[in-house]
Structure formats: C-alpha cells, structure tokens
Amino acid sequence: FYGEYGENTDKMDSDAFLAGVTDSELQQFGIGVVQEVDAAAMSVWLAYRHYEADITQGGLDLDTEDLDLVKAGALINF
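Residues numbered from 1 in each chain as written. Predicted model: local features only at pLDDT ≥ 70, side-chain atom pairs only at ≥ 80, totals over all residues. Heavy atoms only, no water.

### Considerations on the overall build of the chain
The helix and strand inventory of the chain stands at zero helices and five strands. Listed by position from the N terminus, the elements making up the chain come as β-β-β-β-β. By the burial criterion, 18% of the 78 residues in the chain qualify as buried. Contacts spanning at least 24 positions in sequence make up 48% of the contacts within the chain whose residues lie at least 6 apart. Approximately 5,900 Å² of the chain is accessible, and the part contributed by carbon and sulfur atoms is 56%. (Helix = DSSP H or I, 4+ residues; strand = E, 2+ residues; numbered from the N terminus. Buried < 20%, exposed > 50% of the residue type's maximum accessible area, 1.4 Å probe, protein only. Contact = heavy atoms within 4.5 Å. Areas by Shrake-Rupley, 256 points an atom, 1.4 Å probe, with all protein chains shown as cover.)

Structure representation (structure tokens):
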C-alpha cells in the first residue's frame, strides 16, 4: 500500500497553455496498492489520484473542475 501528496505553485507556463495566467496552484493526493507476483516476475497495481486546481487569469479566478483518476496496470520483467 502507498499514499502520495503533491502541491505545485506557479508551475503553469502561460505561453504554452493560457495567456495571461498570473497565479496557479495544483494539489494532488492519492492511494494505491501494488502486488508482487514472484513466480511470474510481475507487479500488478491499482491506484486512485485526485487533482484540484486554482488558476488566476487576468485577475479573475477560473472555474476548474476537480479530476479523479483510477488506473490499473501490470509489469512483467524479462
């Protein structure tokens, strides 16, 4: 099992995304589980991550929706 948390402040490049961005903040947190299968040299995982963003453009706060992701995967080592 694992947990994660991250916060990015003013990392948005206004030239690449939205012109006039003066302030940005992104918070994320998540949980997950990884199972190792030794007989198959394989890892299987399931994870959940939640994102929240606050963006100010030209003095106005943009209305952003929160984003929830669920992902699953497997890795087989050769």
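Additional details are given in the paragraphs that follow.
### Things to note about a nonpolar patch on the surface
A grouping of Phe-1, Val-33, Leu-46 and Val-70 is seen on the molecular surface, where their side chains present a nonpolar patch of about 470 Å² in accessible area. Positionally, Val-33 belongs in strand 2 (residues 21-37). For Val-33, a relative accessible area of 31% corresponds to the partly exposed category. (Patch = residues over 30% accessible without salt bridge, like charges linked within 9 Å, V, L, I, M, F, W, Y side chains within 5 Å. Salt bridge = Lys/Arg side-chain N within 4 Å of Asp/Glu carboxyl O.)

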